Amino acid sequence: MRARMGLTQFGLSYLLLVLLTLIGCVNYDLSLGYGLTFVLAGVWVVASGQAARAARRVTVRVGAPTAAVAGGEAVYTVHFGAPGRDVPVAVVVRTSQGDTRYVNARVRAGEPCAVAVAVPARVRGDLTLTSVRVSALDDLAIWQATLRPAPDAAWNVTVHPAPEVGAPPLPPHAPGGVGDGTRRTRGDEDFAGLRPYHPGDSPRQVSWRHVARTGTLLTRETDAPLGRAVHLEWHATEGAGTVEARLSRLAAWIAALRAAGQPFALSLPGHTLPAASGDAHAARALDALARVTPRPAAPTAKVGRTSDPTGLSASAMRSTLIALAFTLAPAVLREPVWITALIAGLLLHTAWRVRRARAPIPTWALGVVAGVSAALLAGTYGTLLGRDAGTALLALLAALKTAESRTRRDANLLILLALFVASTHYFFGQGPLTALHSVLSAWALLAAAARWTVTAPPEPPLEETASAAQAGTLLALAIPLAITLFVLFPRPSGPLWHLAVQGGASTGLANEITAGEYSALAQNRDVAFRADFQGPVPPVSARYWRGPVYESYDGQRWGQIRQGSASASVDFGGPTWTYTLTLEPTSSPWLPVLDAPSALPAGTFMTTNFQAFMVRPPSTRQRVTVQSRGARLGLREYDERLRYDTALPQGESPRAVALAATWRSLAPEDRVRAALTYFQRGGFAYTLTPPTLPRHDRVDAFLWDSKQGFCEHYASAFTFLMRAAGLPARIVGGYLGGELNPDGGYLIVRQQDAHAWSEVWLAGQGWVRVDPTALIAPARVNAGVQTALSAPQATAAPAPGPMQRLQLRLDAVQNRWDDVIIGYGGEQQQSLLSRVGLGDVGGARYAVVLTLLLALALLPAALWRRRLAVPNDPAARALHDLTVRLRLPREPGETPSAYAERARAQWPALGPALDAVVRAYHAARYAPGDHAGAEREVRAAVQRIRRPSRQD
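Residues numbered from 1 in each chain as written. Predicted model: local features only at pLDDT ≥ 70, side-chain atom pairs only at ≥ 80, totals over all residues. Heavy atoms only, no water.

J.: With reference to specific residues and values, describe the overall build of the protein.
T.: Across its full length, the protein carries 28 helices and 34 strands. By the compact-globule yardstick of 30 Å for 952 residues, the protein is too spread out, its C-alpha radius of gyration being 43 Å. In terms of principal-axis extent, the alpha carbons of the protein reach across some 155 × 70 × 50 Å. Within the protein, buried positions represent 50% of all 952 residues. Counting contacts in the protein only where the partners sit at least 6 residues apart, residues at least 24 apart contribute 73% of the total. Surface accessibility of the protein: about 43500 Å² in total, with carbon and sulfur atoms responsible for 58%. (Helix = DSSP H or I, 4+ residues; strand = E, 2+ residues; numbered from the N terminus. Rg over C-alpha atoms; globule rule 2.2 N^0.38 Å. Buried < 20%, exposed > 50% of the residue type's maximum accessible area, 1.4 Å probe, protein only. Contact = heavy atoms within 4.5 Å. Areas by Shrake-Rupley, 256 points an atom, 1.4 Å probe, with all protein chains shown as cover.)

And the structure:
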């Protein structure tokens, strides 16, 4: 039989899951998501080969059914054999009376297996199987290799009428004869002689004494006086009513007579059966009843036409719930406590009710829970479409699905939903620990799926260790294919659609600043980004990472403006820095860059005030490459902007305005120096906890009263003074500095490194950076914010301690991971292909190499399947080699001697060689002493056999 490959329902849903996760990875640029998707796709491919090879190994034979009565069942027996390895199978049969039945089982390696398939016998008459499909499955039941045995006359069964319950007494004996014994008929009272055995004769009638003496089967014939035989007449059942009722009454009488061993004759319209007794005679009588016309039509109702869904196995469901709980575990750190408690309660309730065989929670109740929870999540996060709310809702839906699960199909759907949940963790991080967790989650979930492959009673689910081994093997064999696809699968340059992933990302730099904005960030040690330079790292004085520019001022807040004028000039003339930024998730659209960027990544553009603006802020860790060069900004600036950047609110901070007015007679550069001198000599202090400033005249209060502040206080006051002195000025926000990691040679810039400084426009120089904070606390530039707070005049940061060095080493591992794995995108892929000479994605060389590498990636799976097909026992392995040489598989339960006889019948010339193999095999398996020599003889005997060609 030739197997036909196809997907099971679970396999089709699994494929849709892989496609869905792939689309998500493309749209949100989830590099680790590609990895998980390709691992799952590799499992899908490897499983297909597993099912195909299983179909080639398994042998199938459908046995004759048992006798059946209308309203009962006819039981067919399907015999299987699977040398070498266990094979899960599914059997689907359709009957001539319109029913379909499904059973599945696990065929143990080397053991004959008989699977009973009970089909309804709805009405009397002929019943046969119109279709038999036997599917060999892979370990996860993703693929099915379907075999269709040829129709056989042995599948036919005659359905007898069901005996009437409470039938009236038997009719009286036939009147023919006076009981003197002169007229006799077949019966069971007196011995009448011997005759040859006929199939269907009762074993009780066989003369076993003659069998022992002659070896020939003979049947004893008995008779009885004719007057003692019962005549069953059709007209005697007239009181029963319908034809079917009359046949049921006759069937009941026949059963009673057979049980009593009494002879009877049967008279039906158009058919007469002479008097006799015994099981064979009763069977012939019932067959005659089954064929009485008119025959009833099979019911047309749809109810009960297919097998009932397979229920939940408590053991397999326990494994599924544990795997689901492990998959959901990382969400505990970010979800509301009530969601975590609700999910845990649902999982525990499901485990309890399945173990106790209790009914699931009503669907309406689960709907109420889902609706209320969705409303609470929307209230907590402000939306259900964001990242945090969406993933929390998805986790809750998975838990609710467990609460309403009833069948194996529900459990399979739950596993697929959990695999999808595992991929959503990449929205929150793509580090090595996240990758490890996702792989372990996939392993646990696939192991649970393996336990659901065969769960129908009386077959118990697969043991946990065996299912874990099967899932682990599939994952291991899928890894070469996953790596190949990860490296060579085309990476789109942009998303398929734009949908903001809200929630959870660091806010970073603000759209507007007031006193206290940046001091709050200074207490946050979260990483904002990492900068890996191609070449030497810039000196500390050049590490100003430009972000938002604040130009509007209302007396309290500095904000950004949108101006439709063309961009100001940029005159490059300094050193070039090329670096790769690894950005953490953020909701801020500004890309922090060194002044001034000469090459920006795709999806980023430069505004008129030299901000690098990202169209789509990163929702996950993202790597981009930037090139910056020293430059003079805005040598040619538009008058409208310059006028705007000298404006101040009317009447705000008059003392500061008066102070700056005294500098208006000075040259522009001298005005800047005057303001800086005022700060340097004014007794100002650098602190994270300055006094609260009043609502109005804030600059006056800072300059003459508090004299304590953070970078935004100094930048705000300096910019105010410069505008009051008649110079265009604005505040620039961003980051300053960064911690150099000696293990990786890159900078780690944290949120606490957020900084604000001023820019003043000077004719002939353009926008010039001025950082008044550096005068108050030089350590802020040279050593970082923490050192500046404790030792403002320090020139360098203290040496890192042991724990800090360990953190830096771990961060270096993270950064390398980001570089190689997370940062691998379309540009990196094209660069790799160019370096190895494969050209562009989709080119001829690329297609050829991709095909070859995919074939090589599948080679381990092919070798592994071939290894599993070979028995471990040396003698059995030699016998397996013989079947391969002859291309003649063994039948289920077939002994080596029987196999040799079957092969001899096909190739008589091989008789002596086959006898030698059988003798050596028996010696290797059963002879006392050391079997090593006998095992070598078996191998040698097999190697001497060559399958004759057709010409031979």
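J.: So what about the nonpolar core? Which residues, and what values?
T.: Core analysis: the biggest nonpolar cluster contains 78 residues, and Y14, V43, L140, I142, I343, L419 and L446 have the highest contact counts within it. Counting residues per element, this core draws most heavily on helix α2 (residues 31-57), at 12 residues. Apart from residues lying up to four places away in sequence, L419 is in contact with Y14, L17, L40, A442, L445 and L446. In this structure, A656, L659, F679 and C711 belong to the second largest nonpolar core, which totals 46 residues. (Core = buried A, V, L, I, M, F, W, Y, C linked by side-chain atoms within 4.5 Å.)

J.: Explain the sheet that holds strand β9 (residues 129-137) residue by residue, including any values.
T.: Across the sheet, five strands lie side by side as β1-β10-β9-β5-β6; this open sheet has antiparallel pairing. Both edges of this open sheet fall to β1 (4-7) and β6 (100-107), since each of them pairs with a single strand only. With strand direction ignored, the average angle separating the axes of adjacent strands in the sheet is 25°. Relative to β9, strand β5 (residues 87-95) runs antiparallel, the two sharing seven bridges. Its bridge partner lying in β9, V92 is registered against R133. (Pairing = 2+ DSSP bridges. Axes fitted to C-alpha atoms, helices over the stretch in contact; angles between N-to-C directions.)

J.: Would you mind going over the UniProt feature "transmembrane region" (unreviewed entry) in the protein in detail, with residue names and values included?
T.: Look at the UniProt record and you will see "transmembrane region" (unreviewed entry) annotated at residues 34-52, 361-378, 412-429, 435-454, 466-489 and 844-864. Annotated as residues 412-429, this span is 72% helix and 0% strand, and its ends, taken at the C-alpha atoms, are 27 Å apart. (UniProt positions renumbered as here; feature names shortened; annotations may be inferred.)

J.: Report on the UniProt feature "domain: Transglutaminase-like" (unreviewed entry) in the protein, specifying residues and quantitative values.
T.: In this structure's numbering, the residues bearing the UniProt feature "domain: Transglutaminase-like" (unreviewed entry) are residues 703-774. Between the C-alpha atoms that bound residues 703-774 the distance is 17 Å, and the span itself is 28% helix and 44% strand.

J.: Would you mind going over a nonpolar patch on the surface in detail, with residue names and values included?
T.: On the surface, a nonpolar cluster with roughly 500 Å² of combined accessible area is contributed by F326, L433, L436, L440 and W443. In terms of residues, the nonpolar patch owes the most to one element, helix α11 (residues 432-451), which gives four residues. Following the sequence through the fold, F326 ends up in helix α6 (residues 314-328). For F326, a relative accessible area of 35% corresponds to the partly exposed category. (Patch = residues over 30% accessible without salt bridge, like charges linked within 9 Å, V, L, I, M, F, W, Y side chains within 5 Å. Salt bridge = Lys/Arg side-chain N within 4 Å of Asp/Glu carboxyl O.)

J.: I'd love a proper account of the pattern of salt bridges, names of residues and values included.
T.: Inspection of every chain in the model, using the stated rule, returns 31 salt bridges. Here R124 ties to E244 by a salt bridge, and the two come within 2.8 Å at their closest N and O atoms. Of the two residues, R124 sits in the loop between β7 (113-121) and β8 (125-127) while E244 sits in helix α4 (residues 243-260), which places them 120 residues apart along the sequence. Note on R124: relative accessible area 3%, which makes it buried. A salt bridge links R387 to D388; the nearest nitrogen and oxygen atoms lie 3.3 Å apart. R387 sits in the buried class, given a relative accessible area of 7%.

J.: Kindly report on the pairing of strand β34 (residues 766-770), identifying the contributing residues and their values.
T.: Here strand β33 (residues 754-762) pairs with β34 via five bridges, running antiparallel. Looking at the pairing, L762 lines up with G766 of β34.

J.: Could you give an account of the packing of helix α1 (residues 9-28) against α2, naming the residues involved and the relevant values?
T.: For the pair α1 and α2, interaxial distance at closest approach is 9 Å and the crossing angle is 160°. Here α2 runs roughly antiparallel to α1, going by the angle between their axes. For the crossing formed where α1 meets α2, the hand is left-handed. Each of G11, Y14, L15, V18, T21, L22, C25 and V26 in α1 lies in contact with α2, whose residues at this interface are G33, Y34, T37, F38, L40, A41, V43 and W44. Residue composition of the contact of α1 with α2, grouped by class: 12 nonpolar, four polar and no charged. (Parallel < 35°, antiparallel > 145°, perpendicular 65-115°, else oblique. Left-handed = near helix turned anticlockwise from the far one by under 90°. Nonpolar A, V, L, I, M, F, W, Y, C, P; charged D, E, K, R; others polar.)

J.: Got a sec to walk through unusual backbone geometry? Specific residues and values, please.
T.: Backbone geometry follows two general trends: most residues other than glycine have a negative phi, and most peptide bonds adopt the trans configuration. With omega at 0°, the peptide bond leading from T293 into P294 counts as cis. In this fold, P294 is placed in the loop between α5 (279-290) and α6. D595 connects to A596 through a cis peptide bond whose omega is -10°. Within the fold, A596 resides in the loop between β23 (593-594) and β24 (597-599). Residues other than glycine seldom take positive phi values, yet S653 does so here, at roughly 50°. Following the sequence through the fold, S653 ends up in the loop between α14 (639-644) and α15 (654-661). With a phi angle near 55°, D697 is a residue other than glycine that sits in the positive phi range. Within the secondary structure, D697 sits in the loop between β28 (685-686) and α17 (698-706). Taking relative accessible area as the criterion, D697 reaches 28% and is therefore assigned partly exposed.

J.: Describe the packing of aromatic side chains, and please don't skip the residues or the numbers.
T.: Inspection of every chain in the model, using the stated rule, returns 25 aromatic pairs. With a centroid separation of 5.6 Å and 80° between ring planes, the pair formed by W545 and Y579 is classed as edge-to-face. With W545 in strand β19 (residues 544-550) and Y579 in strand β22 (residues 570-583), this residue pair connects regions lying 34 residues apart in the sequence. Given a relative accessible area of 0%, W545 falls into the buried group. Y579 sits in the buried class, given a relative accessible area of 0%. Joined through ring pairs, the aromatic side chains of Y678, F679, F684, F702, W704, Y714 and F718 make up one cluster. A cation over an aromatic ring shows up here: R334 above the ring of F428, its NZ or CZ 3.7 Å from the ring centre. Against the face of Y34 rests R491, its NZ or CZ located 4.1 Å from the ring centre. (Phe/Tyr/Trp six-rings, centres within 6.5 Å; stacked < 30°, edge-to-face > 60°. Lys NZ or Arg CZ within 6 Å of the ring centre and 35° of its normal.)

J.: Give a detailed account of helix α9 (residues 387-404), specifying residues and quantitative values.
T.: Between its first and last C-alpha, α9 extends 26 Å over 18 residues, near the 26 Å set by a 1.5 Å rise per residue. With 16 of 18 residues buried, α9 lies mostly within the body of the structure. (Expected span 1.5 Å × (residues − 1).)

J.: How would you summarise the pairing of β19 if you had to cite specific residues and measurements?
T.: Within β19, seven of the seven residues are buried, which leaves the element mostly enclosed by the surrounding structure. Across two bridges, the pairing between β19 and β23 is antiparallel. If you follow R546 over to β23, its bridge partner there is V593.

J.: Describe the packing of helix α16 (residues 668-681) against helix α18 (residues 711-724), naming the residues involved and giving the relevant values.
T.: Where α16 meets α18, the axes come as close as 10 Å, and the angle between the chain directions of the two elements is 140°. Put simply, α16 runs oblique to α18. Seen along the crossing, α16 lies across α18 with a hand that is right-handed. Counted together, R671, V672, A675, L676 and F679 of α16 and Y714, A717, F718, L721 and M722 of α18 form the full contact between these two elements. Partitioned by chemical class, the residues of the contact of α16 with α18 number nine nonpolar, no polar and one charged.

J.: Hey, could you go over the side chain of E935 for me, with residue numbers and the actual values?
T.: Among the secondary structure elements, E935 is positioned in helix α28 (residues 932-943). Buried within the structure, E935 lacks any salt-bridge partner; R939 is the closest side chain of opposite charge, at an N-O distance of 5.0 Å. Residues in contact with E935, not counting those within four places in the same chain, are P874 and A924. (Lys, Arg positive; Asp, Glu negative; His and termini not counted.)

J.: Now, about the sheet that holds β8: what can you tell me, with residues and values included?
T.: Pairing within the open sheet is mixed, and its three strands lie in the order β3-β11-β8. For this open sheet the edge positions go to β3 (68-69) and β8, each flanked by a neighbour on one side alone. With two bridges connecting them, β3 and strand β11 (residues 157-160) associate as parallel partners. Bridge pairing in β11 places A68 opposite V159. Strand contacts of α5: β8 and β11, with the helix running at about 80° to β11, the strand carrying the most contacts.

J.: Tell me what's going on with helix α27 (residues 911-926), and back it up with residues and numbers.
T.: If you check α27, its first and last C-alpha atoms are 22 Å apart, about what 16 residues at 1.5 Å a residue would give, namely 22 Å. Residues G911, L914, A916, V917, V918, A920, Y921 and A924 constitute the buried set of α27. Buried-residue contacts for α27 involve α25 (874-886), α26 (896-906) and α28.

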